[in-house]
Amino acid sequence: MSSSANGNNSNNGRVTWEGCSVLLDINDGDRLVFARLSPAAKLKIGNKNCSLQPLIGTPFGSLFELDGTSLSPLIPSPQADATNNEEIKEDGQPNAESRDNRELVDNNTAQTLTGEDIEAMRRQGAGGNEIIEALIANSATYDKKTAFSQEKYRRKKQKKYAPKVLLRRPVARSICEAYFKKYPSKIGFLRVDTLSLLLSMANVSANSDILVVDMISGLLTGAVAERLGGTGFVCNSYLGQSPYSMDIVRIFNFSDEICKRIVRCPIADLLSSKESPEQTLQVADVNDACNVESQSNDPMGATANTDEISHSPGNGISDLGTENAENENIPVIRACKATKAGEKAPQETIDSWKENGFSSLLIAAPEMDIWPLVRDVLPLLSNSAPFAIYHQYLQPLATCMHNLQLAKMAIGLQISEPWLREYQVLPSRTHPSMQMSAFGGYILTGTKICSSSC
Amino acid sequence: MKAVTVSEGSVLQNRFGVFKHLEWIGKPFGSKVFSNKGGFVYLLAPTPELWTLVLSHRTQILYIADISFVIMYLEVVPGCLVLESGTGSGSLTTSLARAVAPMGRVHTFDFHEQRAGSARDDFERTGLSSLISVRVRDIQGEGFPNEFAGLADAVFLDLPQPWLAIPSAAKMLKQDGTLCSFSPCVEQVQRSCETLQNCFTDIRTFEVLLRTYEVKEGKMENLNGDNNDSNGSLPCKRRQRSDGSYAPDTSVSSVMARPSGEARGHTGYLTFARLKCL
């Protein structure tokens, strides 16, 4: 399936286009950067400012290497860990030489190549891989290391002297993982498996009208819209008169059809029984959608073209760093043209919701007292509609669940806490990863029932 | 909970009594209906989650924690083409169908003719036949059919020896397409990961589990029964009665939550990978 002419083809757009959002994964997840591709866009790696132009028009999933000062495509080698497989001989025992680290002394004298030597090589046009080979050749301890240890050493040098950039497609999964890694508070500590559970348990599917209270910068709204695929509606609703930020929605590269399905409405309007008096706010809200980037005061950068999520402490580049400066003026104009998400819900649609009810409800308001909100919005659901509520804290959900039981507003109530553990799988080295996320939030789920009055 | 196909002449009989389907027809979903003995049930609209809890197990099935993670991690959205083997009892297949609807398709394969037939019947019953095709085929032995080469957005494998199917899966996937293999045993995972290295990147293996909580309203009795110090009983707010003694403050919520004692310890390892771009 080829991308359409304007390139604005979200879920099947597998090739980048000018103006699209991308997620740059530098050195296997060490550093994650959201960027918008334009001929002028730049990325800073180490002390080099590279143009992102070579990335335009390439498939998502492509790997690039820093070659001097520019990024060039890198064909991944077929068997990256072939050396490790050789370590195990037929009898299943480790290599006969049985190397270990008993003689290794960490006194910083093993490497004879100096920083100046390396600079001199660079000036003579040596590529990253040549430098790495030179470092290995000049290391007194390299040969005494086990094959696993040698591989680890090589990879470490590669990250410094031949950094790799992986071009990732921004979708619910990659966006959630990136934010959870570096700015989890912005998404209320919602982990990717928790997000996936919310979407399933609320039965998010095409041709549904989903009511969402999203106080996590639009991640939930975007994930729901992605599953709706241009059908149904996701109504991003809010208490009071000011909509919540939906910054993250613009990273999804949604097509116009999907953007049209993302609408906003104050909860008060949904609850009121007469015609909405909010028509005068319509103009303000449209501007809101366009200027959502400039208004927001979040740390990810208001008009930032490049949202830096730096994982490695050595980089220390701030979110509104120099790399954003060149691109500041572009996104606001582009946003108004490209992003129509978040328009005010039209009155007929609001009326039809009031009559038929929403298909399901999703709430991610991790700082709020949940029960009063649920008590008000649950009646907006159609009967037998499922709902899923995410919270950082257990107590508000426990109270909410208890009250729902007493009021007989829902059945099948359950509070769940998802648990996720990653594994390292390598020959002779398979075990759970050393690092683990201990917490991804709590979820309260249930099904709304017809109370005795209906 | 039970899946019931409503028809005029039928009844549902359980320990709460006899329920006539006729009395249900015309009522909204979510209604409470009564039996001849005064017992009641709720009529719920079916969802893939509820279906997973009630479907008949012809094989071990996937549950919601694994299902939802798989769908998110495989990046399945409307319009996708997904290949699955084996079909098993169709638990995951049902959720995949929801995720790709209305324009996408799920093609699922199982080498067991009878189970494939039961799955087909289930999908008819749940109204998903237009989204799912079920075929009898031994994917480990023969691979996926060539007609899908280069067209699949995602491939899911739940096979005893998934490494035998991985090369074929690689041929089916679009560039940067996603693959997931579900295996209960770590040895299977190790072998699969080794095979994946040829054509795949971003290989990651996870375990997903769900812990549930119980909620109870706390009725905290003071051991002494009067206003002296509580001897190790749980702290709670008290209001002073007119005679000077203290009574538990019933207006303050004393709802407490604790994890359930029982939990599933393991279902399987989920290994994900992306097809390398060439």
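Attention here is on the structure that accompanies the text. (Residues numbered from 1 in each chain as written. Chains lettered and ligands numbered in written order. Predicted model: local features only at pLDDT ≥ 70, side-chain atom pairs only at ≥ 80, totals over all residues. Heavy atoms only, no water.)

**Description of the overall build of chain A**
Part 1 of the argument: A tally of regular secondary structure across chain A gives 15 helices and 17 strands.
Part 2 of the argument: Looking at chain A as a whole, 56% of its 454 residues qualify as buried.
Part 3 of the argument: If you take every contact in chain A between residues at least 6 apart in sequence, the share linking residues at least 24 apart comes to 70%. (Helix = DSSP H or I, 4+ residues; strand = E, 2+ residues; numbered from the N terminus. Buried < 20%, exposed > 50% of the residue type's maximum accessible area, 1.4 Å probe, protein only. Contact = heavy atoms within 4.5 Å.)

**Here we look at the state of the cysteines**
Part 1 of the argument: On inspection of all chains with the given rule, the structure shows 0 disulfides over all chains.
Part 2 of the argument: Free of any disulfide, Cys 50 of chain A has its nearest neighbouring cysteine sulfur in Cys 20 of chain A, separated by 18 Å. (Disulfide = S-S within 2.5 Å.)

**Digging into the packing of aromatic side chains**
Part 1 of the argument: Taken as a whole and judged by the stated rule, the model has 19 aromatic pairs over all chains.
Part 2 of the argument: Ring centres 5.2 Å apart and planes at 70° place the aromatic pair Tyr 73 of chain B and Phe 206 of chain B in the edge-to-face group. Placement of Tyr 73 of chain B in helix H2 (residues 64-73) and of Phe 206 of chain B in strand S10 (residues 200-217) is noted, with a sequence separation of 133 residues between them.
Part 3 of the argument: Since its relative accessible area comes to 3%, Phe 206 of chain B is described here as buried.
Part 4 of the argument: Taking NZ or CZ as reference, Arg 429 of chain A lies 3.5 Å from the ring centre of Phe 148 of chain A, over its face.
Part 5 of the argument: One cation-aromatic arrangement involves Arg 264 of chain B over Tyr 63 of chain B; the distance from NZ or CZ to the ring centre is 3.8 Å. (Phe/Tyr/Trp six-rings, centres within 6.5 Å; stacked < 30°, edge-to-face > 60°. Lys NZ or Arg CZ within 6 Å of the ring centre and 35° of its normal.)

**Some details on the interface of chain B and chain A**
Part 1 of the argument: Opposite the 59 residues of chain B that make contact, chain A presents 63 residues.
Part 2 of the argument: When chain B packs against chain A, close to 5,500 Å² is buried across both sides, 56% of that on carbon and sulfur atoms.
Part 3 of the argument: At the boundary of chain B with chain A, the tally comes to 7 salt bridges.
Part 4 of the argument: For Asp 153 of chain B, the salt bridge identified is with Arg 14 of chain A, shortest N-O distance 2.9 Å.
Part 5 of the argument: At the boundary of chain B and chain A, one finds 19 residue pairs in polar contact (both at pLDDT 80 or more).
Part 6 of the argument: Residue assignment for the side of chain B that touches chain A shows that the elements contributing at least two residues are helix H1 (48-54), H2, strand S9 (173-183), helix H7 (186-196), S10, strand S13 (255-259) and strand S14 (269-275) of chain B.
Part 7 of the argument: Of all the elements, S10 of chain B adds the most residues to the side of chain B that touches chain A, at 13 residues.
Part 8 of the argument: Residue composition of the side of chain B that touches chain A, by class: 32 nonpolar, 13 polar and 14 charged.
Part 9 of the argument: Direction of pairing for strand S15 (residues 410-424) of chain A relative to S10 of chain B: antiparallel, over a ladder of 9 bridges. Opposite Pro 418 of chain A, over in S10 of chain B, you have Leu 210 of chain B as the bridge partner. (Buried area = accessible area lost by both parts, 1.4 Å probe. Salt bridge = Lys/Arg side-chain N within 4 Å of Asp/Glu carboxyl O. Polar contact = N/O pair within 3.5 Å; in protein donor to acceptor, adjacent residues only side chain to side chain. Nonpolar A, V, L, I, M, F, W, Y, C, P; charged D, E, K, R; others polar. Pairing = 2+ DSSP bridges.)

**Describing the nonpolar core**
Part 1 of the argument: In terms of nonpolar packing, the biggest core is built from 82 residues, with Leu 219, Leu 220, Val 224 and Leu 362 of chain A together with Phe 69, Val 76 and Phe 272 of chain B touching the most fellow members.
Part 2 of the argument: The dominant element in this core, judged by the number of residues it contributes, is H2 of chain B, at 8 residues.
Part 3 of the argument: Taken domain by domain, this core gets at least three of its residues from each of domain 1 (3-75) and domain 3 (172-448) of chain A.
Part 4 of the argument: Among residues more than four places away in sequence, those in contact with Phe 272 of chain B are Phe 69, Val 70, Tyr 73, Leu 74, Leu 179, Cys 180, Asp 202, Ile 203, Arg 204 and Phe 206 of chain B.
Part 5 of the argument: Val 213, Ile 363, Leu 378 and Cys 400 of chain A belong to the second-largest nonpolar core, a separate cluster that totals 43 residues. (Core = buried A, V, L, I, M, F, W, Y, C linked by side-chain atoms within 4.5 Å. Domains from an automatic or database assignment.)

**Thoughts on helix H15 (residues 394-406) of chain A**
Part 1 of the argument: For H15 of chain A, spanning 13 residues, the distance from its first C-alpha to its last is 19 Å, which sits close to the expected 18 Å at 1.5 Å a residue.
Part 2 of the argument: By the criterion of burial, H15 of chain A is predominantly enclosed, with 10 of the 13 residues buried.
Part 3 of the argument: Among the residues making up H15 of chain A, those that are buried are Leu 394, Pro 396, Leu 397, Ala 398, Thr 399, Cys 400, Met 401, His 402, Asn 403 and Leu 404 of chain A.
Part 4 of the argument: As for H15 of chain A, its buried residues are in contact with helix H14 (370-377), strand S14 (386-391), S15 and strand S17 (442-448) of chain A together with S10 and S13 of chain B.
Part 5 of the argument: Just downstream of H15 of chain A, Lys 408 of chain A is the residue with a positive phi angle, here 55°. (Expected span 1.5 Å × (residues − 1).)

**Notes on the pattern of salt bridges**
Part 1 of the argument: Enumeration over the complete set of coordinates arrives at 24 salt bridges over all chains.
Part 2 of the argument: Measuring nitrogen to oxygen at the nearest pair gives 2.7 Å for the salt bridge that ties Asp 100 of chain A to Arg 102 of chain A.
Part 3 of the argument: For Arg 102 of chain A, a relative accessible area of 68% gives the class exposed.
Part 4 of the argument: Among the salt bridges present, the one from Glu 214 of chain B reaches Arg 258 of chain B, with a minimum N-O distance of 3.3 Å. Note that Glu 214 of chain B is positioned in strand S10 and Arg 258 of chain B in strand S13, a separation of 44 residues in sequence.
Part 5 of the argument: You can call Glu 214 of chain B partly exposed: its relative accessible area is 37%.
Part 6 of the argument: Salt bridges here are not isolated pairs; linked through shared partners, they connect Arg 169, Arg 173, Glu 177 and Glu 422 of chain A together with Glu 75, Asp 176, Arg 204 and Arg 274 of chain B.

**What about unusual backbone geometry?**
Part 1 of the argument: With an omega of 0°, the peptide bond between Ser 85 of chain B and Gly 86 of chain B qualifies as cis.
Part 2 of the argument: Within the secondary structure, Gly 86 of chain B is located in the loop between strand S5 (81-85) and helix H3 (91-100).
Part 3 of the argument: With an omega dihedral of -5°, the bond running from Ala 101 of chain B to Pro 102 of chain B counts as a cis peptide bond.
Part 4 of the argument: Within the secondary structure, Pro 102 of chain B is located in the loop between H3 and strand S6 (105-110).
Part 5 of the argument: Even without being glycine, Asn 108 of chain A reaches a positive phi, approximately 65°.
Part 6 of the argument: Position of Asn 108 of chain A among the secondary structure elements: in the loop between helix H1 (82-87) and helix H2 (115-123).
Part 7 of the argument: Here the phi dihedral of Asn 253 of chain A falls at roughly 60°; this positive angle occurs in a residue that is not glycine.
Part 8 of the argument: Owing to a relative accessible area of 9%, Asn 253 of chain A belongs among the buried residues under this scheme.

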